[in-house]
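Commentary on secondary and tertiary structure
Below are the chains, spelled out letter by letter.
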Amino acid sequence: REYGKLIKRMIHCGMAVLQPHKPKVVNGVFGVKTDVDQIRLIINMVRGNCACVAPPGFSMPNPSDFADLILPKEESLSVGKSDMDNFYYRILVPEWISQIMGLPHVWSDELGLEGPRRKLWPVMLVLPMGWSHSCYIAKRIGEGLKRETPAVMRAQQIGEGSLSLKEPQVGLYIDD
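Report follows, based on the coordinates.

Analysis parameters
Residues numbered from 1 in each chain as written. Predicted model: local features only at pLDDT ≥ 70, side-chain atom pairs only at ≥ 80, totals over all residues. Heavy atoms only, no water. Helix = DSSP H or I, 4+ residues; strand = E, 2+ residues; numbered from the N terminus. Contact = heavy atoms within 4.5 Å. Areas by Shrake-Rupley, 256 points an atom, 1.4 Å probe, with all protein chains shown as cover. Lys, Arg positive; Asp, Glu negative; His and termini not counted. Charge placed at Lys NZ, Arg CZ, Asp CG, Glu CD. Pairing = 2+ DSSP bridges. Core = buried A, V, L, I, M, F, W, Y, C linked by side-chain atoms within 4.5 Å. Buried < 20%, exposed > 50% of the residue type's maximum accessible area, 1.4 Å probe, protein only. Arc of directions from axis to C-beta. Salt bridge = Lys/Arg side-chain N within 4 Å of Asp/Glu carboxyl O. Phe/Tyr/Trp six-rings, centres within 6.5 Å; stacked < 30°, edge-to-face > 60°. Lys NZ or Arg CZ within 6 Å of the ring centre and 35° of its normal.

Another aspect to go through is the overall build of the protein chain. Scanning the protein chain for helices and strands turns up 6 helices and 7 strands. If you take every contact in the protein chain between residues at least 6 apart in sequence, the share linking residues at least 24 apart comes to 65%. Carbon and sulfur atoms make up 55% of the accessible area of the protein chain, which totals about 12,000 Å². Charge separation in the protein chain, taken as the distance between the mean sites of 21 positive and 19 negative side-chain charges, equals 8 Å.

Pairing of strand β2 (residues 28-35) with strand β3 (residues 38-44) involves 7 bridges; the strand directions are antiparallel. Its bridge partner lying in β3, Val32 is registered against Arg40. Between the antiparallel neighbours β2 and β3 lie 2 residues.

Turning next to the nonpolar core. Here is a general trend for soluble globular proteins: nonpolar side chains tend to be buried in one another's company. In terms of nonpolar packing, the biggest core is built from 24 residues, with Met10, Ile43, Tyr89, Met101, Met124 and Trp131 touching the most fellow members. Among the elements of the structure, α1 (2-12), β3 and β5 (119-124) are those that each provide at least two residues to this core.

This brings us to the side chain of Ser108. With respect to the helices, strands and loops of the structure, Ser108 is situated in the loop between β4 (106-107) and β5. Classification of Ser108 by relative accessible area gives buried; the value is 1%. With sequence-adjacent residues up to four places away left out, Ser108 is seen in contact with Leu113, Pro116, Arg117, Arg118 and Leu120.

Before going further, it helps to spend a moment on α1. Within α1 the residues assigned to the buried category are Gly4, Ile7 and Met10. What you see down the axis of α1 is that its buried residues fit within an arc of 125°, all on one side. Looking at α1, the residues exposed on the side facing more than 90 degrees away from the buried face are Glu2, Arg9 and His12. On its buried face, α1 is in contact with β1 (16-19), β3, β4 and β5. Once α1 finishes, Gly14 follows within two positions and takes phi at roughly 80°, a positive value.

What follows is about the pattern of salt bridges. Scanning all chains against the criterion turns up 2 salt bridges. Where Lys5 meets Glu2, a salt bridge forms, and the shortest distance between an N and an O atom there is 3.2 Å. Of this pair, Lys5 and Glu2 both sit in helix α1, 3 residues apart, roughly one helical turn. The closest approach of N and O atoms between Arg117 and Asp109, which form a salt bridge, is 3.0 Å.

This part takes up the packing of aromatic side chains. In total, this model carries 2 aromatic pairs according to the counting rule given. Look at Phe58 and Tyr136: their rings are 5.6 Å apart centre to centre, the planes differ by 50°, and that puts the pair in the tilted class. Note that Phe58 is positioned in the loop between α2 (46-50) and α3 (63-67) and Tyr136 in helix α5 (residues 134-147), a separation of 78 residues in sequence. Residue Phe58 is classed as partly exposed on the basis of its relative accessible area, which comes to 33%. A cation over an aromatic ring shows up here: Arg117 above the ring of Trp107, its NZ or CZ 4.2 Å from the ring centre.

Further remarks concern the environment of Gly4. Along the chain, the position of Gly4 falls in helix α1. Linking Gly4 and Gly102, residues 98 residues apart in sequence, is a C-alpha distance of 15 Å. Sequence-distant contacts of Gly4, that is, excluding residues within four places in its chain, are made with Val106, Glu110 and Leu111.

Okay, here's the thing in structure tokens:
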């Protein structure tokens, strides 16, 4: 019953759609407790990842790049951060990709649908965290945003060589 409720919520939020036929790849689903009353949805994309070529290699800043910043004595440092909740789940995927992002089937009556009982297959319409290309796509989106923001365009990129703290710095970091 809980899985049916999850799928109904995903459909309502625009994260998934139902189809009458089995998608090319069916992946696993599980949750990880994050807080007292919250569970983070994880799509186990091992099977979906096997249906794809490896994503292009790329690098991104990580916490050690930020920790390596050295501030001269007598100087001050101001830091800002922006975090988007459910970031990947905000990015729509084309329909052809959704066919490798299938989820286990659900029965129509578990969703409260009328008519004869039938098997329905949910497919993701958004980027799952566990897809091997999700970080690469997020990096490309970040690069696009950086190109469109004048102040960010002028800033030195953290993680791309030595830094001078006399100039503004910017870095795109994905924490999950």
